[in-house]
Amino acid sequence: LQKRLASEETFLDQALLDDTEDDLDDEDGAPAVKEADAVPLTAKDLQEMQDYAFRITQVHDSKFEALERHLDQARGNGHSTIVFTQFTDTLDALRDRLHHRYRSQLGTFTGDGGKVFRESDGWTDIGKRDLVEAIKARAVTVLLATDAASEGLNLQTCSFLINYDMPWNPMRVEQRIGRVDRLGQVRETVVVRNFFIEGTVEEEVYRALASRIDLFSGIVGGLQPILGAVEGACRGVFKAAASERAAARKAGIQALVGLVESNPGADLPLDADEDALPIPEPVPSAVTLADLREVVVERLGAVLDEPGRPVTTDPARVSRDPESWVALATYGHPRLDDVLGKHTTAAQTSLVMAEASTRGPVIAMRSDTAPPRPAACLADVVELGPSVSRSEAEANAEMQLARATASRQARYDAVGQRNRQDARERLRARFTDLARSVLADAAAAAREAGTTTEPGLLWLDLKDETGMLRYLDAFRDQLRVSKGALLRPAGDDERLLDAVEWSRRKYGYGEQLKTLAAEIKRLGAAG
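Below, the structure is looked at part by part. The shown structure was predicted, so the numbers you read here are calculated from the model rather than taken from an experiment.

1. Here we look at the overall build of the chain
- What the chain contains, in helices and strands, is 18 helices and 12 strands.
- Considering the chain as a whole, with its 527 residues, one finds that 34% of them fall into the buried category.
- Here the contacts in the chain between residues at least 6 apart in sequence split such that 66% fall between residues at least 24 apart.
- When the accessible area of the chain is evaluated, it comes to approximately 31,600 Å², of which 51% is carbon and sulfur surface.

In structure tokens:
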């Protein structure tokens, strides 16, 4: 701001000295607008802005001090931290204030990519994968990021997340948390800190929602329309004139609260404790890294290391650093595949495998015991003896495979049905909004023409249209939308619409209905 003020002062002084000077030409020869003319500041304006800029420098920055405290706390507990900001300018300011403390342990990620600090070169570009590896190796322990990181980086090695700026759309908060709270996270608890400035519209909106819904525990079903409306509410406040902003803030928050209290979960006809699609209990892996170490390395005595290329079963030792390369001994490593291939024995013919497809469930049964029993881990396979009950093992395997396949298919069917129900609800909502807009414009056109504006009669008149609008009632019937919900007065009983504009809008509505019809057809074809 002070740089800008200095520039404005220079241009203003020049304009006062010679306000009749002709406009300068730019490099292409076109007339350029003088900045003093584009921003006509008086000496009083400049003084007020300079005073304001000075007062800003004197403000106690408690928000940044809180950030420093949390970063110290995270470092003291061995956490790697990611700090999200809403704007790149904010990120740049934090970077300039923090890099003297963290030096090469500080990194950034924005829409322009990643950067890390090198003592010899200053801030240098770094690829996404290399940045993730640097964080994994704790070469970078503090990452400053915009929402670009919430869409492309998997940062399971970070376990402390700070939302320095809260986005207007709360679903973005979930996306940010999803970067660290995911499979592979080594910490039992991920720490999340949300920063608010007291008295701001963001603080009031989030506080109002958090007092009525569990905002950050999960976003499903009926909550999505509510959280999706938050951004529009915040934007409406800032678009309002300064004199109307307080009233707009109050109205926006009341509208959101009303949306919450209108029972957002009504589209889920469930008991309070019932889950339509319960997440199945996780099945333990049949083979763990400890199994591979015990069986392949200790029991079979296999050597996986090569000179300069060590291999480990300990994930904490894995590194892609060219100077300390350590690979993970798991499936997909070529040397492990070779070792397993060489140790196939005749005893393994006692293992009965049943699978319906390459992507379906697999059942493994031991036929060297009577009765046969499942092979639950790698050690079971290594300890196989001669087969004594192969026929019974095959029958048991096929029976269990049928059960597992049916259970999986039932879940797929339930998920598909729920997705179709959600898609149909979205189509109903879109059609309802479209039909109300059509009726509102029809009433405005009728008002201009001096005819009836009664919604029920207008709805009947639409059946006489020549385009897609005549099928509105057919759409309503197919989507099972109550007509009463469509015929409520729009509340804009003063608006007028001439015949030409009404004709143009009818064409646009017809195109939207064509798109809606295609989606309804696809939904019907999907079951």
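Further notes follow.
2. Remarks on the sheet that holds strand E10 (residues 351-355)
- The antiparallel open sheet is built from three strands, whose spatial order is E10-E11-E12. One side of each edge strand has no neighbouring strand; the edge strands of this open sheet are E10 and strand E12 (373-374).
- Summarising the sheet, strand E11 (residues 362-366) and E12 pair through two bridges and their orientation is antiparallel. In the strand pairing of E12, Arg 366 is matched with Arg 373.

3. As for the sheet that holds strand E2 (residues 106-110)
- The seven strands lie next to each other as E4-E3-E2-E5-E1-E6-E7, forming an open sheet whose pairing is mixed. For this open sheet the edge positions go to strand E4 (122-126) and strand E7 (191-194), each flanked by a neighbour on one side alone. In this sheet, neighbouring strand axes are inclined to one another by 20° on average, regardless of whether the strands run parallel or antiparallel.
- Pairing geometry for strand E3 (residues 113-118) and E4, over five bridges, is antiparallel. When the sheet's bridge partners are listed, Val 116 is paired in E4 with Thr 124.
- Seen against the sheet, helix H4 (residues 62-76) touches strand E1 (81-84), strand E5 (142-145), strand E6 (160-163) and E7 and runs at an angle of roughly 170° to E6.
- Packing against the sheet, helix H7 (residues 170-178) makes contact with E1, E6 and E7, and its axis sits at approximately 155° to E6.

4. Quick word on the packing of helix H14 (residues 390-449) against helix H16 (residues 472-479)
- It is the contact of H14 with H16, at a shortest axis distance of 10 Å, that shows an interaxial angle of 150°. It follows that H14 is roughly antiparallel to H16 by the angle criterion. Where H14 crosses over H16, the handedness of that crossing is left-handed. Contact residues: Arg 424, Leu 427, Arg 428, Phe 431, Ala 435 and Val 438 in H14; Leu 472, Phe 475, Arg 476, Gln 478 and Leu 479 in H16.

5. What to know about the pattern of salt bridges
- This structure, assessed with the given rule, holds 23 salt bridges.
- Where Glu 306 meets Arg 335, a salt bridge forms, and the shortest distance between an N and an O atom there is 3.5 Å. Of the two residues, Glu 306 sits in the loop between helix H11 (289-299) and strand E8 (311-312) while Arg 335 sits in helix H12 (residues 334-342), which places them 29 residues apart along the sequence.
- Among the residues examined, Arg 335 registers a relative accessible area of 18% and is labelled buried.
- Here Arg 505 and Asp 441 are joined by a salt bridge, their closest N and O atoms 3.0 Å apart. One end of the pair, Arg 505, is in helix H18 (residues 499-525); the other, Asp 441, is in helix H14, and 64 residues separate them in sequence.
- Given the relative accessible area of 27%, Arg 505 is considered partly exposed.
- Residue classification places Asp 441 among the buried positions, given a relative accessible area of 3%.
- Bridged by salt links that share partners, the residues Asp 441, Arg 495, Glu 501, Arg 504 and Arg 505 form one connected network.

6. As for the nonpolar core
- Counting residues in each nonpolar core, the largest one holds 29 residues, and the members touching the most others are Phe 431, Val 438, Leu 472 and Leu 513.
- The element contributing the most residues to this core is H14, with 12 residues.
- Excluding its chain neighbours within four sequence positions, the residues that come into contact with Phe 431 are Leu 472, Phe 475, Arg 476, Leu 479, Val 481, Leu 486, Leu 513 and Leu 516.
- Grouped together as the second largest cluster of nonpolar side chains are 18 residues, Leu 91, Tyr 102, Ile 162 and Val 191 included.

7. Section: the pairing of E10
- The pairing of E10 with E11 spans five bridges and is classified as antiparallel. By the bridge assignment, Val 352 is partnered in E11 with Met 365.
- Between E10 and E11, which pair antiparallel and follow one another directly, the connecting turn spans six residues.

8. Some thoughts on the pairing of E2
- Of all five residues in E2, five are buried; the element is thus mostly enclosed.
- Here E2 shows a buried face lined by Leu 106, Thr 108 and Thr 110 and a second buried face lined by Gly 107 and Phe 109.
- Pairing between E2 and E5: four bridges, direction parallel. Each bridged residue has a counterpart across the sheet, and for Gly 107 the counterpart in E5 is Leu 143.
- The pairing of E2 with E3 spans four bridges and is antiparallel. Within E3, the residue paired with Thr 110 across the bridge is Gly 113.
- Here E2 hands over to E3 after two residues, the two strands then running antiparallel side by side.

9. Details of the packing of aromatic side chains
- Using the criterion set out here, one finds three aromatic pairs in the structure.
- A ring pair is formed by Phe 117 and Trp 123, whose centres lie 5.5 Å apart and whose planes are at 65°; its orientation type is edge-to-face.
- For Trp 123, a relative accessible area of 24% corresponds to the partly exposed category.
- Between Tyr 164 and Phe 195, the ring centres sit 5.7 Å apart and the planes meet at 50°, which makes this aromatic pair tilted. Of this pair, Tyr 164 sits in the loop between E6 and H7 while Phe 195 is found in the loop between E7 and helix H8 (201-210), placing the two residues 31 residues apart along the sequence.

10. Describing helix H6 (residues 128-136)
- Turning to H6, its buried residues number three or more, namely Leu 131, Ala 134 and Ile 135. For H6, the buried positions fall inside an angular range of 95° around the axis, keeping them on one side.
- Structurally, H6 contributes buried residues whose contacts are with E2, E3, E4 and E5.
- Positive backbone phi, approximately 60°, marks Arg 138, located one or two places after H6.

11. Observations regarding H16
- Here H16 has its buried residues at Leu 472, Asp 473, Phe 475, Arg 476 and Leu 479. With its buried residues spanning 155° around the axis, H16 presents them on a single face.
- Once H16 finishes, Arg 480 follows within two positions and takes phi at roughly 60°, a positive value.

What counts and how
Residues numbered from 1 in each chain as written. Predicted model: local features only at pLDDT ≥ 70, side-chain atom pairs only at ≥ 80, totals over all residues. Heavy atoms only, no water. Helix = DSSP H or I, 4+ residues; strand = E, 2+ residues; numbered from the N terminus. Buried < 20%, exposed > 50% of the residue type's maximum accessible area, 1.4 Å probe, protein only. Contact = heavy atoms within 4.5 Å. Areas by Shrake-Rupley, 256 points an atom, 1.4 Å probe, with all protein chains shown as cover. Pairing = 2+ DSSP bridges. Axes fitted to C-alpha atoms, helices over the stretch in contact; angles between N-to-C directions. Parallel < 35°, antiparallel > 145°, perpendicular 65-115°, else oblique. Left-handed = near helix turned anticlockwise from the far one by under 90°. Salt bridge = Lys/Arg side-chain N within 4 Å of Asp/Glu carboxyl O. Core = buried A, V, L, I, M, F, W, Y, C linked by side-chain atoms within 4.5 Å. Phe/Tyr/Trp six-rings, centres within 6.5 Å; stacked < 30°, edge-to-face > 60°. Arc of directions from axis to C-beta.

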